[in-house]
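The primary structure of each chain is shown beneath.
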Amino acid sequence: MRHGKAGRKLNRNSSARTALARAQATALLREGRIQTTLTKAKELRPYVEKIITTAKGGDLHARRLVAQDIHDIAVVRKVMDEVAPKYAERPGGYTRILRVGTRRGDGVTMALIELV
C-alpha cells in the first residue's frame, strides 16, 4: 500500500528533489516567471504557494520560516517586502501554469510557471 506517499519522484532521491524545489522556487520568486517541464511545474506550485502564504504573516517568525526554504537573502527580502503584500487579500492561487509546447530533444511537455 502507498498511503501517505504523495508527490512525484522526478527520478531523483529526496535530497535532490528538495534542492531542485528550492532552486526553482528561488528562481521563480526572483524572476516572476520560469520555463520548466510540466511535471516539475506541477510539483513546484504548492511549494511556492506555501512559501507565499507563510510570508503573508509578515513577522520575524514568518521571515525565518521562508528563509529555511529560500537561501538567497535578497529573494527572501523581496518575498517579504513586495510579493506577500501584493497577495494580502488573495486567499491562494498565486501561480499560473501555461503549457508552451514540447521540447525538441525528448518530446517532454514544457510549461511556463508564473506569479499571477
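For clarity, every value in this text was computed on a predicted model and none was experimentally measured. (Residues numbered from 1 in each chain as written. Predicted model: local features only at pLDDT ≥ 70, side-chain atom pairs only at ≥ 80, totals over all residues. Heavy atoms only, no water.)

*Asks:* Sorry if this is basic, but what is going on with the overall build of the protein chain here?
*Replies:* Check the secondary structure of the protein chain and you find four helices and three strands. Ordered by position in the sequence, the α and β elements of the protein chain form the string α-β-α-α-α-β-β. C-alpha extents for the protein chain along the principal axes are approximately 45 × 35 × 25 Å. Relative to its 116 residues, the protein chain shows a buried fraction of 32%. Considering only contacts in the protein chain between residues 6 or more positions apart, those separated by 24 or more positions represent 55%. In the protein chain, the 24 positive side-chain charges and the 11 negative ones have mean positions that sit 8 Å from each other. (Helix = DSSP H or I, 4+ residues; strand = E, 2+ residues; numbered from the N terminus. Buried < 20%, exposed > 50% of the residue type's maximum accessible area, 1.4 Å probe, protein only. Contact = heavy atoms within 4.5 Å. Lys, Arg positive; Asp, Glu negative; His and termini not counted. Charge placed at Lys NZ, Arg CZ, Asp CG, Glu CD.)

*Asks:* What is the right way to read the sheet that holds strand S3 (residues 109-115) from this model?
*Replies:* Strands belonging to one sheet form pairs held by backbone hydrogen bonds; the direction of such a pair is parallel or antiparallel. Read from one edge of the open sheet, three strands run S1-S3-S2, paired in antiparallel fashion. Taken across any chain shown, the strands that pair with only one partner, and hence form the sheet edges, are strand S1 (33-37) and strand S2 (95-102). The sheet shows a mean angle of 25° between the axes of neighbouring strands, direction not considered. Sheet contacts for helix H1 (residues 14-31): S1, S2 and S3; angle to S1, the most-contacted strand, approximately 145°. The strands that helix H2 (residues 38-55) touches are S1, S2 and S3; relative to S2, the one it contacts most, it runs at about 165°. (Pairing = 2+ DSSP bridges. Axes fitted to C-alpha atoms, helices over the stretch in contact; angles between N-to-C directions.)

*Asks:* Can you help me understand the pairing of S2 in this one?
*Replies:* Taken residue by residue, a regular strand's side chains alternate between the two faces of the sheet. As paired elements, S2 and S3 share seven bridges and run antiparallel to each other. When the sheet's bridge partners are listed, glycine 101 is paired in S3 with methionine 110. Taken together, S2 and the strand that follows it, S3, pair antiparallel across an intervening segment of six residues, in which glycine 107 is found at a positive phi of about 80°.

*Asks:* Would you mind showing me how to read the environment of alanine 19 here?
*Replies:* Summarising the element assignment, alanine 19 is placed in helix H1. For alanine 19, a relative accessible area of 44% puts it in the partly exposed group. C-alpha of alanine 19 to C-alpha of aspartate 69: the two residues are 50 residues apart in sequence and 9.4 Å apart in space.

*Asks:* Help me understand the nonpolar core, please; the structure alone is not making it clear to me.
*Replies:* One broad rule of soluble globular proteins: the nonpolar side chains tend to lie buried together. Within the largest apolar cluster, 25 residues are counted, with the highest numbers of intra-cluster contacts made by Leu29, Leu44, Val48, Ile52, Val66 and Ile70. When contributions to this core are tallied by element, the ones reaching two or more residues are H1, H2, helix H3 (60-69), helix H4 (73-86) and S3. Per element, the largest residue contribution to this core is seven residues, and it comes from H2. Those residues within four positions of leucine 44 in sequence are excluded, and the remaining contacts are Ala21, Gln24, Ala25, Leu28, Ile34 and Ile113. (Core = buried A, V, L, I, M, F, W, Y, C linked by side-chain atoms within 4.5 Å.)

*Asks:* Just checking my understanding: could you explain the packing of aromatic side chains for this structure?
*Replies:* Two measures describe an aromatic ring pair: the distance that separates the ring centres and the angle between the ring planes. Taken as a whole, this structure holds one aromatic pair when the rule is applied. Ring centres 5.1 Å apart and planes at 45° place the aromatic pair tyrosine 87 and tyrosine 94 in the tilted group. Take tyrosine 87 and tyrosine 94: they sit in the same class, and that class is buried. (Phe/Tyr/Trp six-rings, centres within 6.5 Å; stacked < 30°, edge-to-face > 60°.)

*Asks:* I'm lost on the pairing of S3 in this one. Help?
*Replies:* Counted residue by residue, S3 has six buried out of seven residues, so it is predominantly covered. Sheet topology places S1 next to S3; five bridges connect them, and they run antiparallel. Residue arginine 33 lies in a different strand from S3, and its bridge partner there is glutamate 114.

That is the geometry; function is a separate question.
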